[in-house]
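For reference, the chains in residue letters:
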Amino acid sequence: MSKAGLHPGNAFKEAKALYKANQTEKAKALCLRIVQQYPLHQDANYFLAKLAFEAGLNEESLLFLQKAFTGAQQFNSDKHAYYQVLNRYIQSHSFEQLEIASLWLTGFNPKDGIAWDYLGISRLEQGKYPEAYEALQHAVALLPNNPHVLANIGNALISLERCAEAATYLRKAVSIDPAMVVAQNNLGNALRMIGQTQAAVDTLQIAVRLNPGLAYVHNNLGLAYRENTQYSEGIKCFYTALELQPDLIQVYPNLIDALRQNGEVQRAIECGNEAMDRCANIPEFWGGYGDALREANHLDPAIEAYMRALSFKKDSQSSFNRKIFSNLLFCLNYHPDLPAEAIFGAYQDFDQRFGLPNKVFWRPFDNVRDPNKRLKVGYVAQAFYNQVCKYFLLPLLEKHDKSQVEVYAYANPPFEDETTEYYKKSVDHWIYTREMTDAELAERIRADGIDVLIDVAGHTNSNRLGVFARKPAPVSLHWLEYGYTTGLTAIDYYLTDKATVTDNCAHLFSEKVWCLDGPAYTYRPDVRKAELVPPPVLETGVITFGSLSRSVRINHKVVKVWSAILDAMPNSRLIINSGDFKDVKVQDEMASRFMQYGIDRSRLEIGFTSPSWEVLKQIDIGLDCFPHNSGTTLLESIYMGIPFITLADRPSVGRIGASVLRGMGRDEWVAQTEMEYAQKALILAHDVDGLVHLRQTLRAEMEASPLMDEPGFACDVEKAYRGMWEIYCKENAQ
């Protein structure tokens, strides 16, 4: 048949006959002649696409399919052939090609919801989450009851950290198809991330029952257990995931973290060492490994691990990167050998990377600039539950003068309990924020017209510094939990006292330092088990020094000085007790540091006991850590009639002890040098009658001091808020 005389219909019939006779190459050649003369011949192009598909030539197959569809009078019913090629791209993880192919299909037929779904999948797998969400919005609009589409858009929203929205789509998906494992899995993840941890566990258990052979589902169930503080169950799930799929290396950082939180710190480090070669390119691995090293008091290796975690991507909106940088700053705060200026430099880097990029969201405020009006003040914290902040935050909220301030609580506690109910009763407005993004919470604060916004968390876990970086209120400040600057130039003030930040330290804070007239806090103890007992030396004949501080504070300088004290007073022993010492291996490692200075292991009692009151009853004299002082345990010691010695070091974390003692009027227990520290401890130790007297009188002395003057402290704080507001009004007068 000559080219000039080629009749496309007859030629195609002949090509089909050749194919049926197993003469595939001849059939293909004939169809190629057809499309050479008639480029958009639908049947010939489709036939060539089919042959290319059978030969595994995906791109060639798509090319012919696109020509077939372009030449069709209406969208070809054989579009499912196109989907087959797209599925091949998914199976081969060829997601760039999948994006190109599905993008063409959505352009050719914008009303094809499945095509938009494929486009969304291609972008999800490439980490293009905003673009994936955009594509999947089209898919959902066209296929609102397709559970696969709903599951995918839920996944995109989870990746964008918009988990509350994700849960809405995913609940609909599982209501339509309860047996859909992917939807159940994604719903469990979304619920976990918005703090509904028990619901997450329940949902992921369903996913596991539906398909117990999927390793990634076991991994996600382990994460839900971990967030629900069921660490042992989580560890089991992670090991199951690795048994099912040994190359699912993203499980390792989760396993390391669960082991750490379960008190198995050394085992967590060993797991990290074993998995390091396989996980070297996973930032989450370096984050989890760094956490374990930090908790075991290996600061320099922990810092190196965090730096590795941060080296992968520079996304200023990444909550993972912000968390890792906060953990890095935490380590630097505790480092015994770094100068204060170097540490503050890292905080400035944090602002450059995660703070200043949000300046694009700053805009003028509509708040009425009346210096005498009742102020709307907002407290942003995750601490609104039974944790250490209740001793300081709850009395302030309860004692606020509601004629002067209208109090808003922007709360993202990991769970709610009896203490949460006390908080709710103490404020005028309770806003649960766990499900809000930083942008959403910032807009809510603006809408509420907050005048003074207080960050309570600093760089602690679950902080909302991303909200403060957007500057949602005219006046903002940091106070209480973290104990040092946030690094954010978006925050106006750092609220503290004169003992914590002296006049020559202001350059080490990104915020303006505002010192209260009295202490920077008021303390309300939990007195249920805090009965006073005589000092234990009367019964044992041995002076017992003690610290209830976390291990990261007990550095080589602290060990050296404490060992010198024990060496100078042979008739003494040392208790070290905190949650970091649940692991026997960690206890032994800490003991070995003292043994290097000749301190016998029998003189050291290292472990963990709860509640803290029971440990304090066994201590005669408290020893504070440096350069990062202890915190609440210092106040607990004084309340139990136990004096402590502190070393005033770098601001402000190194002067917490000085702040407590100045609030008591006990400056004589504040040392300026390591030698003076040891001398003061030994002077106390040689005065047993003095220890007996302090045990009997120190609590009453504390109760009469500014440290426990709740109304006076609330008045001092409100005076500070008013002063900050007046400055704002003056500087922004119209």
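Located above this text is the structure these notes cover.
Trainee: Quick question: what am I supposed to make of the pattern of salt bridges here?
Mentor: Opposite charge on two side chains permits pairing when their charged atoms draw close. What the rule picks out here adds up to 36 salt bridges. E270 is the salt-bridge partner of K585, the closest N and O atoms lying 3.3 Å from each other. Linking K585 in helix α27 (residues 584-595) with E270 in helix α16 (residues 265-279), this pair joins segments that are 315 residues apart in sequence. With a relative accessible area of 44%, K585 lands in the partly exposed category. Between K424 and E421 there is a salt bridge; the shortest N-O distance is 3.7 Å.

Trainee: Explain the pairing of strand β10 (residues 604-607) to me, please; I cannot follow it from the model alone.
Mentor: Each regular strand shows side chains that alternate between the opposite faces of the sheet. In this structure, strand β9 (residues 572-577) lies alongside β10, joined through 4 bridges in parallel fashion. Looking at β10, one finds that N577 is bridged to G607. Where the polypeptide runs from β9 across α27 and back to β10, its parallel neighbour, the crossover connection is right-handed.

Trainee: Looking at this structure, I do not really get the sheet that holds strand β11 (residues 621-623). What am I missing?
Mentor: Across a sheet, strands are paired by hydrogen bonds formed along the backbone, either parallel or antiparallel in direction. Judged by pairing direction, the sheet is parallel, and its 6 strands sit side by side in the order β10-β9-β8-β11-β12-β13 without closing on themselves. The open sheet is flanked by β10 and β13 (670-671), the only strands paired with a single partner. Judged from the 2 bridges that link them, strand β8 (residues 543-547) and β11 form a sheet pairing that is parallel. Counted as the bridge partner of G546 is G622 from β11. Along the sheet face, helix α26 (residues 556-568) touches β8, β9, β10 and β11 and points at about 150° away from the line of β9.

Trainee: Looking at this model, I keep getting lost on helix α8 (residues 129-142). Mind explaining?
Mentor: Since there are 3.6 residues in each turn of an α-helix, residues three or four apart along the chain are aligned in direction. The first and last C-alpha atoms of α8 sit 20 Å apart over 14 residues, in line with the 20 Å expected at 1.5 Å per residue. A132, Y133, A135, L136, A139 and V140 are the residues of α8 that are buried. Along α8, the residues classed as buried sweep out an arc of 170° about the axis, all on the same side. Residues of α8 that are buried in the fold lie against α7 (113-125), α9 (147-159) and α10 (163-176).

Trainee: Please clarify how the packing of helix α17 (residues 283-295) against helix α18 (residues 299-310) should be interpreted in this entry.
Mentor: Two numbers describe a pair of packed helices, the interaxial angle and the distance between the axes. Running from N to C, α17 and α18 cross one another at 165°; their axes reach a closest spacing of 8 Å. As judged from the angle between their axes, α17 and α18 are roughly antiparallel. Here α17 runs over α18; the crossing is left-handed. Counting all contacts with α17, which are made through P283, W286, G287, Y289, G290, D291, L293 and R294, the residues of α18 involved are P301, A302, A305, Y306, R308 and A309. Here the contact of α17 with α18 is built from residues that sort into 9 nonpolar, 2 polar and 3 charged.

Trainee: Teacher, can you tell me more about the packing of aromatic side chains here?
Mentor: Centre-to-centre distance and the angle between the planes together describe a pair of aromatic rings. Across all of its chains, the model carries 23 aromatic pairs by this definition. On the numbers, 4.9 Å between centres and 45° between planes, the contact of Y494 with F509 is tilted. Taken together, the residues Y494 in strand β6 (residues 493-496) and F509 in the loop between β6 and β7 (512-515) connect sequence positions 15 residues apart. Across the pair, exposure class does not vary: Y494 and F509 are buried alike.

Trainee: Can you help me understand the sheet that holds strand β4 (residues 452-455) in this one?
Mentor: Strand order in the open sheet formed by 7 strands is β3-β2-β1-β4-β5-β6-β7, with parallel pairing between adjacent strands. One side of each edge strand has no neighbouring strand; the edge strands of this open sheet are β3 (429-432) and β7. Within the sheet, the average angular offset between the axes of one strand and its neighbour, ignoring direction, is 25°. In this sheet, β6 lies alongside strand β5 (residues 475-478) in parallel orientation, the contact comprising 2 bridges. In the sheet register, H478 faces β6, and the bridge partner there is Y494.

Trainee: Honestly, the nonpolar core in this entry has me stumped. Any pointers?
Mentor: One recurring pattern in soluble globular proteins: nonpolar side chains tend to sit buried together. Counting 139 residues, the largest nonpolar core has F545, W562 and Y677 as its most contacted members. With 8 residues, helix α19 (residues 319-334) is the largest single contributor of residues to this core. Not counting the four nearest positions on each side in its chain, W562 is found in contact with S547, I554, L574, I576, F594, L623, D624, C625 and Y677. Core analysis: the second largest hydrophobic core is formed by 40 residues, A135, V181, L204 and L221 among them.

Trainee: Is there a simple way to explain the pairing of β4 in this structure?
Mentor: On β4, burial covers both faces: V452 and I454 on one face and L453 and D455 on the other are all buried. Relative to β4, strand β1 (residues 375-381) runs parallel, the two sharing 4 bridges. Within β4, the position partnered with Y379 by the bridge is I454. Sheet analysis places β4 next to β5, joined by 4 bridges and oriented parallel.

Rules used throughout
- Residues numbered from 1 in each chain as written.
- Predicted model: local features only at pLDDT ≥ 70, side-chain atom pairs only at ≥ 80, totals over all residues.
- Heavy atoms only, no water.
- Salt bridge = Lys/Arg side-chain N within 4 Å of Asp/Glu carboxyl O.
- Helix = DSSP H or I, 4+ residues; strand = E, 2+ residues; numbered from the N terminus.
- Buried < 20%, exposed > 50% of the residue type's maximum accessible area, 1.4 Å probe, protein only.
- Pairing = 2+ DSSP bridges.
- Right-handed = clockwise from strand over helix to strand, strands pointing away.
- Contact = heavy atoms within 4.5 Å.
- Axes fitted to C-alpha atoms, helices over the stretch in contact; angles between N-to-C directions.
- Expected span 1.5 Å × (residues − 1).
- Arc of directions from axis to C-beta.
- Parallel < 35°, antiparallel > 145°, perpendicular 65-115°, else oblique.
- Left-handed = near helix turned anticlockwise from the far one by under 90°.
- Nonpolar A, V, L, I, M, F, W, Y, C, P; charged D, E, K, R; others polar.
- Phe/Tyr/Trp six-rings, centres within 6.5 Å; stacked < 30°, edge-to-face > 60°.
- Core = buried A, V, L, I, M, F, W, Y, C linked by side-chain atoms within 4.5 Å.

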